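# Chains, contacts and geometry: an overview
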Amino acid sequence: MILLTLIAIFFGVIYWVIGPLYNVLTLALTPVGLGPAANDILMGVWVMAGPLAGYLFKRVGSAFLGEFLGSIVEMFLGGQWGASTMISGVVQGVASELGFTLTGYKRFDWFSLNLSVLTTTIVTFGWDMARNGYASYHLGLLVALFIIRLISTWFFGGLLSKMIVNLLDRTHLMQTQTR
């Protein structure tokens, strides 16, 4: 539980730091009509704690807790979205957890990690359709935003999470000790 909390704190700080980058990226992309893409480009970073925690701890609820606790840290650091950050943390945490749930928590491998990435992409995209006005965008932009989000989430939540867990596995720090 201590390591999960440390991961949440670490990612909460990262989420807080990414906020201003989101603003700059939105400003840079808006003149060419792609301002909404800033959210999707950075989404993989914003959801990384969930897949990483789920894949690392292999326990029911760990993906949700990693993401949700990270959002709480971001909020307490003064993140620009305030308390609504916790709502995003719930949505993103449930979305990440769903991928592991679909395997019945019996598989914690590259497949389940990618399933978590896919469910995170789909659920968070649906959330943005309802909450952030994505439903008003034309089909071409929606497809582009979804693909950008999928790639971002796969890179950060999938590939980087797998690499981090592989590095931790090589250190043998995560092995349980038996007497």
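Definitions and cut-offs
- Residue numbers run consecutively from 1 along every chain, following the written order of its sequence.
- Side-chain atom pairs in this predicted model are given and counted only at pLDDT of 80 or more, local residue features only at pLDDT of at least 70, and totals for whole chains, interfaces and linings cover all residues.
- Side-chain measures were taken over the full set of non-hydrogen atoms in the model, leaving aside hydrogen atoms and water.
- Side-chain atoms within 4.5 Å link the members of a nonpolar core, which is a set of buried Ala, Val, Leu, Ile, Met, Phe, Trp, Tyr and Cys residues.
- We call a residue buried when its accessible area falls under 20% of the maximum for its residue type, exposed when it is over 50%, and partly exposed in between, using a 1.4 Å probe and counting protein chains only.
- A run of H or I in DSSP becomes a helix once it reaches four residues, and a run of E becomes a strand once it reaches two; helices and strands are each numbered from the N terminus.
- When checking whether two residues touch, look at their non-hydrogen atoms; a contact exists if any pair is within 4.5 Å.
- Orientation is described by lines fitted to C-alpha atoms, with helices fitted over the stretch in contact, and by angles between N-to-C directions that extend from 0 to 180 degrees.
- In this scheme, a crossing is called left-handed if the near helix is turned counterclockwise away from the far one by less than a right angle; it is called right-handed if the turn is clockwise.
- Each residue gets one of three labels, nonpolar for Ala, Val, Leu, Ile, Met, Phe, Trp, Tyr, Cys and Pro, charged for Asp, Glu, Lys and Arg, and polar for the others, Gly among them.
- The working definition used for a salt bridge is a side-chain nitrogen of Lys or Arg within 4 Å of a carboxyl oxygen of Asp or Glu.

One finds I7, F11, W46, F57 and F100 to be the most contacted residues of the largest nonpolar core, which totals 22 residues. For this core, the secondary structure elements donating two or more residues are α1 (2-29), α2 (37-46) and α3 (49-57). In terms of residue count, the dominant contributor to this core is α3 (6 residues). Leave out the neighbours within four places in its chain, and W46 touches Y15, I18, Y22, N39, E67, W81 and Q92. The next biggest cluster of nonpolar side chains, apart from the first, holds 8 residues, and it includes A37, A38, Y134 and L145.

In contact at an axis separation of 9 Å, helix α6 (residues 110-131) and helix α7 (residues 139-171) are set at 145° when each is read in the N-to-C sense. Once α6 is placed against α7, the crossing between them reads as right-handed. On α7, the residues that touch W110, L113, N114, V117, L118, T120, T121, I122, T124, F125, D128 and M129 of α6 are L142, L145, F146, R149, L150, T153, W154, G157, G158, L159, S161 and K162. Partitioned by chemical class, the residues of the contact of α6 with α7 number 13 nonpolar, 8 polar and 3 charged.

Tracing the backbone shows S112 in helix α6. Exposure remark for S112: the relative accessible area of 0% places this residue in the buried category. Beyond its immediate chain neighbours, meaning those up to four positions away, S112 contacts G99, F100, T103 and R107.

Let us look at the pattern of salt bridges. Tallied over the entire structure, the rule returns 3 salt bridges. The residue D40 makes a salt bridge to R149 at a minimum N-O spacing of 2.6 Å. Taken as a pair, D40 in helix α2 and R149 in helix α7 lie far apart in primary sequence, 109 residues in all. Across this residue pair, the class does not change: D40 and R149 are buried. In this structure, D109 engages R107 in a salt bridge whose closest nitrogen and oxygen atoms are separated by 2.9 Å.

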